[in-house]
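# Structural overview for review
Listed here are the chains, written in short residue letters.
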Amino acid sequence: MKNSEIRKLVSEHKEITNKYTKTENNKLKEKLKEIEHRYFHETGRYFTSDIEEIT
């Protein structure tokens, strides 16, 4: 997976997280889980730990 694709996943995750905090929609929750699973599958690292390192 290219770095640009990883950055796209991160930005998409942040976008959906913002929407989810406002509405608490189950579809958005499932989408977040899919993104986190794909990130783990591609990089071998957990999404939340990597985001904490960046910020």
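As the structure is a prediction and not an experimental result, all values here were calculated from the model.

Cut-offs applied
- Residues numbered from 1 in each chain as written.
- Predicted model: local features only at pLDDT ≥ 70, side-chain atom pairs only at ≥ 80, totals over all residues.
- Heavy atoms only, no water.
- pLDDT = per-residue confidence, 0-100.
- Helix = DSSP H or I, 4+ residues; strand = E, 2+ residues; numbered from the N terminus.
- Salt bridge = Lys/Arg side-chain N within 4 Å of Asp/Glu carboxyl O.
- Buried < 20%, exposed > 50% of the residue type's maximum accessible area, 1.4 Å probe, protein only.
- Axes fitted to C-alpha atoms, helices over the stretch in contact; angles between N-to-C directions.
- Parallel < 35°, antiparallel > 145°, perpendicular 65-115°, else oblique.
- Left-handed = near helix turned anticlockwise from the far one by under 90°.
- Contact = heavy atoms within 4.5 Å.
- Phe/Tyr/Trp six-rings, centres within 6.5 Å; stacked < 30°, edge-to-face > 60°.
- Expected span 1.5 Å × (residues − 1).
- Arc of directions from axis to C-beta.

This part is about the confidence of the model for the protein chain. Across the protein chain, the average pLDDT comes to 85, with 89% of residues at or above 70. In the model of the protein chain, helix α3 (residues 47-54) stands out as the element of lowest mean pLDDT, 69, in contrast to helix α2 (residues 26-43), which has the highest, 91.

Turning next to the pattern of salt bridges. Under the counting rule described, the total for this entry stands at one salt bridge. We note a salt bridge from E12 to K31, for which the minimum N-O separation is 3.7 Å. A residue pair is termed long-range when its members are at least 10 positions apart, and E12 in helix α1 (residues 3-23) and K31 in helix α2 qualify at 19 residues. The exposure class assigned to E12 is partly exposed, which follows from its relative accessible area of 25%.

This next bit is on the packing of α1 against α2. Contact pair α1 / α2: the axes reach a minimum separation of 9 Å and the direction vectors enclose 155°. On the basis of the axis angle, α1 is roughly antiparallel to α2. For the pair α1 and α2, the crossing hand works out as left-handed. Together, I6, L9, E12, H13, I16, T17, K19, Y20 and T23 of α1 and L28, K29, K31, L32, I35, E36, R38, Y39 and T43 of α2 make up the contact between the two elements.

A few words now on the packing of aromatic side chains. Taken as a whole and assessed by the stated rule, the structure comprises two aromatic pairs. Taking the centre distance of 5.0 Å and the plane angle of 85° together, the rings of Y39 and F47 count as edge-to-face. Considered together, Y39 and F47 belong to a single accessibility category, that of buried residues. Centroid distance F40 to Y46: 4.9 Å. Interplanar angle 25°. Geometry classified as stacked.

Moving on, we come to α1. Its 21 residues give α1 an end-to-end C-alpha distance of 30 Å, which sits within 8% of 30 Å, the value for a rise of 1.5 Å per residue. If you check which residues of α1 are buried, you get I6, L9, V10, H13, I16 and Y20. Seen end-on, α1 carries its buried residues on one side only, within an arc spanning 135°. Of the exposed residues in α1, those oriented more than 90 degrees away from the buried face are R7, K8 and K22. E24 sits one or two residues past α1 and shows a positive phi near 55°.

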